[in-house]
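For reference, the chains in residue letters:
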Amino acid sequence: MELFWFDFLIPCFPTSYQSACSLSLLLLSYYIFISFLLNLSSVPGGFAWKNYHQNPKNQLKGPKFSCNFMGPLAHRKLASMASSMRATRLMAISLGSMRVVISSSPETAKDILCGSAFVDRPIRESTRLLMFDRAIGFAPSSGNYWRHLRRIASTHMFSPKRVAGLEGLRQAVACSMIQRVEQEMAERGFVELRRVLQKGSLDNVLESVFGISGGGEFGGDLGVMVKQGYELLGEFNWADYFQLGFLDFFGVRRRCHELAGRVSEVVTQIIEQRRKDGDFKIRNDFLSALLSLPQEDLLCDADMVAVLWEMVFRGVDNIYILLEWIMARMVLHQDIQAKVRREIEIKVGHNKHVEDSDIPNLPYLQAIVKEVLRLHPPGPLLSWARLAVHDIHLDKCFIPSGTTAMVNMWAIAHDPAIWPNPWAFQPERFMELGDFSIMGSDLRLAPFGSGRRACPGKALGLATVHLWLARILQKFKWLPARPVDLGECLKLSLEMKKPLVCHAVVIS
């Protein structure tokens, strides 16, 4: 017997908000929506697809009444559903009134990510309220504005020259993290690595974007706001999927408004202070680069706030989340940890800090990062979905304009037809594959996306992960302080359900 999608929404709500909502409202909502679904849903994919299955010979597959994939394991539930329905190439579902197709196949994933139809992103209420509709990730790609933003970011934040120029900052943050690990070991006898990595990642982003430290006048406030933004975008928001008018279940709309106001106020203050200081032409951060643009390229303050906020927001979580997953695997697989430390010792030595220039000579370390990105991709559904800007036939199925498309990269990366022994942690597989690119050209593993909407900061992110991983493995031997739990929790990114707690032993 199929379960209705609503049954899976209630557990997604925070307990505090459940208690604040009256039982009568929940029951009323339940029966209204169930009645609505029963009356309208009679086609594969659910009621949002009711008028879009014209050709029975090439009909999309998908659940008629159930969308039981909500919650912290959405990627796994979607993968299981697609496999059971033989719909890995393309599966249709309904999220409220929103039509969605999901690809769990490299072939259809390439059509979605690299084709001309799915070039925009769906802008839902939470996204718009938090100002992301004016930033690089969500601005429509059809106009000059998005291309202008992308060009500015590519030149002043993510170019090879800029990535190389930020090595000094990455090294300084690595030294700071190592000192904090030593301090925690001395004071507590163990290290909760997530806290160390979060702080380092935030410091790194704030310095590169604003030229400020995490402990400075504005750094602490921005760190808190980034955390609140993650929580808000990770919550289920009714208004993203239903036309609710003035209704604001669980206060998501109100809290987004409040957070956006605080973000705008703080970032505007930073911009005004930099203008007042007048030293932006000689500084090396992204804000100074924006303020130094020629007059014809300058952004208005509102757009500048949105772009800077996005840089901070999207630049923090993926780095520390990926590094925590990598270190969890290092703690679990002591033989692999020993092997990569030997590689570092042979190629770099112990008395010299690993540098960016050493990374090409550390292929096993790079293979470890790739294997963790395969097993535990921070964005298993590639984080942000795509939106069809015109009608298209995808895999011979008709997809109407306005349809949202997702790629389940987690499902592709765990497909035994693509990856032998997919559940095993085997960095050696990438040594055997040689120069396997994870930058988007091979959709068997494209954790940063592909096509014109691929993550623009992927090179900078990988440079940071490689260097920090090499530095902390060069300095310490990592042992478990508690049993390692590889349980997952999908919020905005795929996090470890329980923080990793380790012993860090200095290598003499």
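Rules and cut-offs
Residues numbered from 1 in each chain as written. Predicted model: local features only at pLDDT ≥ 70, side-chain atom pairs only at ≥ 80, totals over all residues. Heavy atoms only, no water. Pairing = 2+ DSSP bridges. Helix = DSSP H or I, 4+ residues; strand = E, 2+ residues; numbered from the N terminus. Contact = heavy atoms within 4.5 Å. Axes fitted to C-alpha atoms, helices over the stretch in contact; angles between N-to-C directions. Phe/Tyr/Trp six-rings, centres within 6.5 Å; stacked < 30°, edge-to-face > 60°. Lys NZ or Arg CZ within 6 Å of the ring centre and 35° of its normal.

Turning to the sheet that holds strand S3 (residues 191-192), a few remarks are in order. Sheet architecture is open: three strands sit in the order S3-S11-S8, paired in antiparallel fashion. The open sheet is flanked by S3 and strand S8 (476-480), the only strands paired with a single partner. Along the sheet, helix H18 (residues 458-475) contacts S8 and strand S11 (501-506); its crossing angle with S8, the most-contacted strand, is approximately 85 degrees.

Taken as a whole and assessed by the stated rule, the structure comprises seven aromatic pairs. An aromatic cluster is defined as three or more aromatic residues linked by ring pairs; in this entry it consists of Tyr230, Trp309 and Phe313. A cation over a ring is seen here: Arg134 above Tyr145, with NZ or CZ 4.0 Å from the ring centre. Seen from the ring of Tyr364, Lys339 lies directly overhead, with NZ or CZ sitting 4.4 Å from the centre.

Right, let's talk about the sheet that holds strand S4 (residues 386-387) for a bit. Pairing within the open sheet is mixed, and its four strands lie in the order S1-S2-S7-S4. Across the chains shown, the open sheet's two edge strands, defined by having one partner strand only, are strand S1 (91-95) and S4. For S4 and strand S7 (residues 404-407), the ladder comprises two bridges, and the chain directions are antiparallel. Among the inter-strand pairings, Arg386 is bridged to a residue of S7, identified as Ala405. Lying on the sheet, helix H4 (residues 106-114) is in contact with strand S2 (98-103), S4 and S7; it crosses S7 at an angle near 130 degrees.

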